[in-house]
Structures are given as C-alpha cells and as structure tokens.
Amino acid sequence: MSWKIKALKKSPWVFHVNTGACNNCDIEIVNCLTPKFDVERFGIKLVGSPRHADALLVTGGVTAQAAPRLREVYRQTPKPCVVFAIGACGCGKGIFTTGYHMVGPVDKIIKEIDPNAIIAYVPGCPPKPEAMISGIVKALAAL
Amino acid sequence: MSVPPNILFWIIVIPGTVILGLVASWIVRKVSALVQWRVGPPFLQPFYDVAKLMGKEILVPQDAHRVVFMAAPIVGLAGVILLSVMLWRIIVTETAFLGDIIVAIYLMVLPSLALILGSSASASPHASVGTSREMKLVMGYELSLVLAFIVVIIKTAALVEPGQQLSLAAIAQHAPVFSISGMLAFLVSILCIQAKLGFVPFDMAEAETELGSGVLIEYSGALLAIWKLMQAVMLVALPLFLVMVFLGGFSADLLTGLAKPVGILPVGIIVLLVFVVAGLLARFNKYIDILFLLALIAACLLAGLGKYVLILVLLILIKNTNPRVRIDQAMKFFWVYCSTTLVVAIILALIGNSYSIGWL
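Predicted, not measured: the structure shown is a model, and the values here were computed from it.

Chemist: Sorry if this is basic, but what is going on with the overall build of chain B here?
Modeler: Across its full length, chain B holds 14 helices and zero strands. Mapped from its N terminus to its C terminus, chain B presents α and β elements in the order α-α-α-α-α-α-α-α-α-α-α-α-α-α. The buried share among the 360 residues of chain B stands at 48%. Counting only contacts in chain B whose residues sit at least 6 apart along the sequence, the fraction spanning at least 24 positions is 80%.

Chemist: It is not clear to me how the overall build of chain A should be interpreted in this structure. Could you clarify?
Modeler: Helix and strand counts for chain A stand at six helices and five strands. Computed over the C-alpha atoms, the radius of gyration of chain A is 14 Å, within 12% of the 15 Å expected from 2.2 N^0.38 for a compact globule of 143 residues. Residues classed as buried in chain A amount to 47% of the 143 residues present. Considering only residue pairs separated by 6 or more positions, chain A has 79% of its internal contacts joining residues 24 or more positions apart.

Chemist: What should I look at first to understand the confidence of the model for chain B in this one?
Modeler: Regions with low pLDDT should not have their predicted coordinates read in detail. For chain B, mean pLDDT is 82; residues scoring 70 or higher make up 83% of the total. Considering only residues more than four positions removed or in separate chains, one finds that residues 252–259 of chain B, a stretch of pLDDT under 50, has 13 contacts.

Chemist: So what exactly am I meant to see when it comes to the environment of M204 of chain B here?
Modeler: Looking at the secondary structure, you find M204 of chain B in the loop between α7 (180–197) and α8 (208–211). Not counting chain neighbours up to four residues away, the residues in contact with M204 of chain B comprise R133, R324, R326, I327 and A330 of chain B.

Chemist: How should unusual backbone geometry be read in this particular structure?
Modeler: If a residue is not glycine, its phi is most likely negative; likewise, a peptide bond is most likely trans. All names here are of chain A. Following K79, the chain continues to P80 via a peptide bond in cis, the omega torsion being 5°. The residue P80 is located in the loop between α3 (66–76) and β4 (82–86) in this model. Along the chain, C125 connects to P126 via a cis peptide bond; the corresponding omega equals -10°. Relative to the assigned elements, P126 resides in the loop between β5 (118–122) and α6 (129–142).

Chemist: When you look at the nonpolar core in this model, what are you seeing that I'm missing?
Modeler: In a soluble, globular protein the nonpolar side chains are often hidden away together inside. With 101 residues, the main nonpolar core has V233, A237 and M244 of chain B as its most contacted residues. Considering every element that reaches this core, the biggest residue donor is helix α9 (residues 221–246) of chain B, with 21 residues.

Chemist: Can you walk me through the interface of chain A and chain B in this structure?
Modeler: Interface extent is often summarised as the accessible area lost during association of the parts. Taken residue by residue, the interface counts 19 residues in chain A and 25 residues in chain B. Sort the elements by how many residues they give to the side of chain A that touches chain B and helix α1 (residues 3–10) of chain A lands first, with five residues. Looking at side-chain class alone, the side of chain A that touches chain B contains six nonpolar, six polar and seven charged residues.

Chemist: Sorry if this is basic, but what is going on with the sheet that holds strand β1 (residues 13–18) of chain A here?
Modeler: Residue and element names in this part refer to chain A. Spatially, the five strands line up as an open sheet ordered β2-β1-β3-β4-β5, and their pairing is parallel. Each edge of the sheet is formed by a strand with only one pairing partner; in this case those strands are β2 (45–46) and β5. Alignment of strand β3 (residues 55–59) against β4, held across five bridges, turns out to be parallel. Within β4, the residue paired with T59 across the bridge is I86. Of the strands in this sheet, β3, β4 and β5 touch helix α5 (residues 106–113), which is tilted by about 155° from β4. On the sheet, α6 packs against β4 and β5 and is oriented at approximately 155° with respect to β5.

Chemist: Would you mind showing me how to read the packing of helix α5 (residues 125–157) of chain B against α7 of chain B here?
Modeler: In a packed pair of helices, the relevant descriptors are the angle between the two axes and the axis-to-axis distance. All names here are of chain B. It is at 9 Å that the axes of α5 and α7 come closest, and there the two elements cross at 150°. With respect to each other, α5 and α7 are oriented roughly antiparallel. When you trace α5 past α7, the crossing you get is left-handed. Contacts between α5 and α7 pair L137, Y141, S144, L145, A148, V151, V152 and K155 from the former with S181, G182, A185, V188, S189, C192, A195 and K196 from the latter. Here the residues of the contact of α5 with α7 are counted per class, giving 10 nonpolar, four polar and two charged.

Rules used in this analysis
- Residues numbered from 1 in each chain as written.
- Chains lettered and ligands numbered in written order.
- Predicted model: local features only at pLDDT ≥ 70, side-chain atom pairs only at ≥ 80, totals over all residues.
- Helix = DSSP H or I, 4+ residues; strand = E, 2+ residues; numbered from the N terminus.
- Buried ≥ 20, exposed ≤ 12 C-beta atoms within 10 Å, placed from the backbone.
- Contact = placed C-beta atoms within 7 Å.
- Rg over C-alpha atoms; globule rule 2.2 N^0.38 Å.
- pLDDT = per-residue confidence, 0-100.
- Core = buried A, V, L, I, M, F, W, Y, C linked by C-beta atoms within 7 Å.
- Nonpolar A, V, L, I, M, F, W, Y, C, P; charged D, E, K, R; others polar.
- Pairing = 2+ DSSP bridges.
- Axes fitted to C-alpha atoms, helices over the stretch in contact; angles between N-to-C directions.
- Parallel < 35°, antiparallel > 145°, perpendicular 65-115°, else oblique.
- Left-handed = near helix turned anticlockwise from the far one by under 90°.

Next up, the structure:
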C-alpha cells in the first residue's frame, strides 16, 4: 500500500453536498460530529471547500438543477477521492423515483464524468450516524 | 560555544520547529476536544493530515495568477521559519544583532501578507471577501502590537547597561510583565497573537461557516499542506516571541532549573524522542492519550518551555470560550480599546522611566 493511500485512510476530510435532500440526512451527518460520536477520533473533519476534501458526502436524489453543480463539485475535488451516496435518495432516488425533476441517482451523475469513480452507498431514511461511520470505515478498507 | 553543538543546532532547528509546531497544533485540537467533552484526534493526526495533503492533486483555478498563487504559501512558510530560527538562535546561543526587533516585527507580518497575496491571486469571490477581512484585521492589530513592543522597549531601555545594545537578547533578560504597563501590553499582545494565528474570536478571514474557509478556499494538495505547516510553525514562533519579549525569555527562572546544567538542546532532543515514542504507544491504550497530554506538558515544564505552554493554553482557552466577532467589531476593539490602553501604558512606562519607579 502506498503512503498516499495510507495517509488518506488516517485523515479523510469530508465535504457535504446537498443535491435536493429533505434535510434529514444532513442533520444526521452533522450528528456524527457531536461529542457522542466524535468522528474527529478517526481524523474525519468536515471542511468548507471541495478543494480540501477527500470524500464527498452526497445527500438527496440529484434534482435537474443540482446535477451540473454536483458534476462541478466532483471535478473540483482533488483526486484520489471517494464519493458517498448517503440515504435512500442518494443511493436510488428513494420515494422520488418517479419525480419529474429527478435526474439522479448520485452514482449515475458521477459516472457520467468519471467512470472509474469510487462510490460507496449508505442506505437508510435517514441512515443512523453509526451506519455512516461504518460505511466510511468499510469504504476506506476497500481502497 | 564549541563547534559540534552549533552544527547540531543548525541541523535540528528547522525540522525540530516544524515537528514542535505540529505537536502544538495537536495540543490545540486535543484540548479543544476535551473542553467540548469529546475524545479528540490521535497524536499523529497533524502528521497524517500533512502527509495526506502532500500526496493529493494540486488544482489551480483557471483565472488564478499561477505564480503568485503557487509562491505565496512558500513565502509565508519561509518567513515564519526564518522568524523561529532567529528566536531559537537567541534562546540557545544568546547572540543577537542590532535591529532584530524590527526584523522580527517584519517577519511576523509576512505570513498574513502571504495569505493576502495568495488568496487574492486565487480568483474566488469567497477568497476575496476573506482577503479584505484579513487586510482589515492586519491593519487593526498591527498598531496595537507595535505599541505593545514600544512599551517593552521603553521599559528595557531603562534597565540595560550603558554598553549593551538594545536587541532581543537584552529584552529577553528582563520580564516587563511584572509592572503595570508591561502587564497591560502583555494582555493586549496576547489578543493580537490570537488574531495573527486566526484563532476563534478573530477567525473571520477563514470563517468556516460563511466563507467556507475563506482565504484558503482554492488551495488543495501540497500547497494547502504548506499553509497548514505555516500555521503550525506560527504556533511555535509567536508564543515564543511573547515569552522572550514579555516573560523574560528562558533564562534565570525556576522552570529551567533542571534544563540549565545539561543545556536546553539535549533536553529538547530527549523530550522530542519521548513525544514520538509515547505517540506510537498511544494506540494501544484508551486513556493513554490524556495521560500523554499531561506527560507532554510536564516534559515541557522540565525542559524550560513552561512559559510557552502557559501562553499556548491561554490562547486555546480564549479560542474555546468565545464566539466569532464581526470584522468591524474587531477593528473597533483593536483601534479604540487596545490602542487607548497601550497609549496609557506608554505614558505610565515613560513616567516610570523618568522617576525610576520599577512597577509602573
């Protein structure tokens, strides 16, 4: 394993992208940072710019308005990076499957611009913070 | 001083400062976590962060001025490393040159200047808002900082022997904090250092929540790693400077008692080794982290760095107990309240000088 991947596993900084989620998943993401779960133990930090990020936490089933923004955010993230589709909507549009304004899900949009993108799925409506932490651990183990 | 320790000093000073800076930034994060009742990051976290950023892709914005964008972090890091080398040289070898106070003041501006240059070259609206805030902040605290040094210079001018030059080495032999004017100047300059480090009451240039890390928003990969290293080294250099200017340096006090006979340098090396070994052990025990933090502070006290730790902890506690202020509030604070306080302090120091009253 190269030192780059090893260091990446020890400090994955995450950037939070909302592509039309109902805010439940967003609240649960912020929950991970509270003293109860405290993801800073694993070096995980929420950053304010995609250029600092190693992982994108994408919530929501990608509306038509949000899709170009999601592509742009992915292009601006320095590689190597991981994309997390958080929640039922992120994984497969959830209850909005037949919505006229939904162009997602997340993996379809990301794979349009980068077919080799690493995408991890954390289902749930909303997923529990434990589920997200477990998803991140599994995705990093697979790197 | 004999030749071998001298060579050892020049070899060890830059990596040592960078490592000490990363350890200090771990202390900042760990103590903040403990204040917020969390566990906090492991000891090697800042090292992992920098290593990871070094291995990432560097993205340069399309409209950015490439040369300034790439050069700014290097200029900032070089400036702050130069400052800390200067300070360590005065501490370890007790030699100084004429006018080093002015050089130190200039070198202390360099990181902020590099930050302003780099972020304004990055062609981002968020970064430009951050830049304008950083500029206003620099204008705000720089006046107070220079006035605080003028108090110290006035206090020291009365105390130096006739032949001695008024340099940092001479200033470091006296502790002006044990007088009214010196105490006022010390308190104000702690707040100025807080603003220089971009710590919380004065972090409006980086404002995570509104500007998305503001001035640094467009930086990625190795360039961001250099900014992080710069901020880490600033955590060493600026409190060290305060210790030298206000608290009487590292000589002639109770805390250096143990370090004096063997010399500061060997003790420093041993302490650094203890840090690294204990850090590697930290992963085997759940509570060793907190024990390690306490051991670290104890080791610092033994190595004569007690005053440095005191200032660092003060900065962290101010950081954790205050909300972010607006830029206009910060400027009003520095220009109206801090400057007025310092003008009073200068008048007191001058009165104390002419009537030779030591405690004024």
